Amino acid sequence: MEKTAEFTAGGAAEYHIWFDSLEEMHAELPAMIRRHNLEASHQLTTWGMSNDAWFGFGINSYTEMTTKIRDGWPEYAELLGKRAAELDAALDLETVRAMTIDVRKRKRHRMDQGDTLDLPRVWNGDLDHAWERPVRVPRRSASQRYVTIYLDVSAAAMRNARDAVWRAIAAKKITDLFTSAGFSTEIWVGDSTSGAYVWNQNAPAKTWTGVRVKEFSQPINEDRLAAMSSVGMLRTHGFEMICGSPWKVQSSLGMPLNRGLVLPLRERQEAGERVIRIGECWTREEAIREVTAVAQSLLPQKLEEAS
Amino acid sequence: MKTSWDQLSDDNVVDAIVNDLQEASRLIDRQSFGSVRDSQTVEIKRILEETKAKIDSLLERLP
């Protein structure tokens, strides 16, 4: 079942389109595109093909890119892993360590002095452990700690795939940090757009798209996540989702908005759930800033408050 | 882009022209999502010339 929403927020009309999985997108999107934008979608397969900065990393055709997204892109995943590890040296290590420190919880400790006396232990002669006192101790994460990550892969045509790799690296690093901190993660990839539709249709000015890469309970498929975090995801399925809208699209498909969340994630955030948005990152420095900002938002005391 | 001039009334012709100019500008500046090839740039220029001709005809009709 397609999932779309059109409404007005803050005086401006919005359109949202999202799919719970890549498989669901493949099953439902083609029919949506055929309704209004079949012709516009045909141009997608030719865009940027004479430009090795469009998909980059040796990908020279639309079909090759969508195949990598469907089947995974191990070479790109390896590159992201290597570059993400290299970021460690430049990151604020104290902050990064803080994120991986376990949450402290009060745990009952038994010893030879304390706040309350356990009489059965006294009667049994276990005087070394007869007293009890709650002690704050680190512990591995609790199962109730969840985070949803939305990677906005928007990028104007002028953006080089080699620059966009830093956003994918930041996404990889942030996902790894959450995993090592014991969080269950749900990951979405999408884009945010302004001016996507031909004028005079009474169409919304802003559009958000999203595809869920993994649910909380699913393991991370690193090869697929890598492909879906590349700018190639935007330049294939991201554009297709815009073409799936119920209005005729501009020949340019609009321009990057680079803010906000697709509706289901916005609703989670408004309900108080933890949702992290990863957006523009075109340089190593910007990737470091993005990762550090997320790590700082998860300092132990904040985790403790949340748990 | 590619506004069909025949379908426009005088009330919305200005909006249409502005829309076309903005869209052409985005494409040429590569600030939009779309990628423009040289052949498309030629097409955009042709559309802009068409737009200019429309503006000129409107100006001639001004009192």
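Figured I'd write up the structure that's included with this text.

What counts, and where the lines are drawn
Residues numbered from 1 in each chain as written. Chains lettered and ligands numbered in written order. Predicted model: local features only at pLDDT ≥ 70, side-chain atom pairs only at ≥ 80, totals over all residues. Heavy atoms only, no water. Helix = DSSP H or I, 4+ residues; strand = E, 2+ residues; numbered from the N terminus. Contact = heavy atoms within 4.5 Å. Areas by Shrake-Rupley, 256 points an atom, 1.4 Å probe, with all protein chains shown as cover. Patch = residues over 30% accessible without salt bridge, like charges linked within 9 Å, V, L, I, M, F, W, Y side chains within 5 Å. Salt bridge = Lys/Arg side-chain N within 4 Å of Asp/Glu carboxyl O. Buried < 20%, exposed > 50% of the residue type's maximum accessible area, 1.4 Å probe, protein only. Pairing = 2+ DSSP bridges. Core = buried A, V, L, I, M, F, W, Y, C linked by side-chain atoms within 4.5 Å.

Considering the overall build of chain A
Within chain A, the secondary structure is distributed over 12 helices and 11 strands. Contacts spanning at least 24 positions in sequence make up 75% of the contacts within chain A whose residues lie at least 6 apart. Carbon and sulfur atoms make up 49% of the accessible area of chain A, which amounts to about 13,900 Å² in all.

Let's talk about a nonpolar patch on the surface
Residues and elements named next belong to chain A. A cluster of nonpolar residues, Leu117, Leu119 and Trp123, forms a patch on the protein surface that exposes about 350 Å² of accessible area. Within the secondary structure layout, Trp123 lies in helix 6 (residues 119–123). Take Trp123: its relative accessible area is 66%, and that puts it in the exposed class.

Points about the pairing of strand 2 (residues 12–19) of chain A
Residue and element names in this part refer to chain A. Here strand 2 lies mainly inside the structure; six of its eight residues are buried. Bridge analysis of strand 1 (residues 3–9) against strand 2 gives seven bridges, and the strand direction is antiparallel. Paired with Ala9 across the strands is Ala12, a residue of strand 2. Here strand 2 pairs with strand 9 (residues 206–214) via six bridges, running parallel. Looking at the pairing, Tyr15 lines up with Thr207 of strand 9.

Brief notes about the nonpolar core
Inside soluble globular proteins, nonpolar side chains tend to come together where they are buried. Residues and elements named next belong to chain A. Counting residues in hydrophobic clusters, the biggest one holds 73 residues, and the most contacted among them are Leu29, Phe178, Met228, Phe239 and Leu253. Examining the composition of this core, we find that 11 residues originate from one element, helix 7 (residues 161–180), more than from any other. Among residues more than four places away in sequence, those in contact with Leu29 are Ile17, Phe19, Glu240, Met241 and Gly244. Ala5, Leu257, Leu261 and Leu263 belong to the second largest nonpolar core, which has 11 residues in total.

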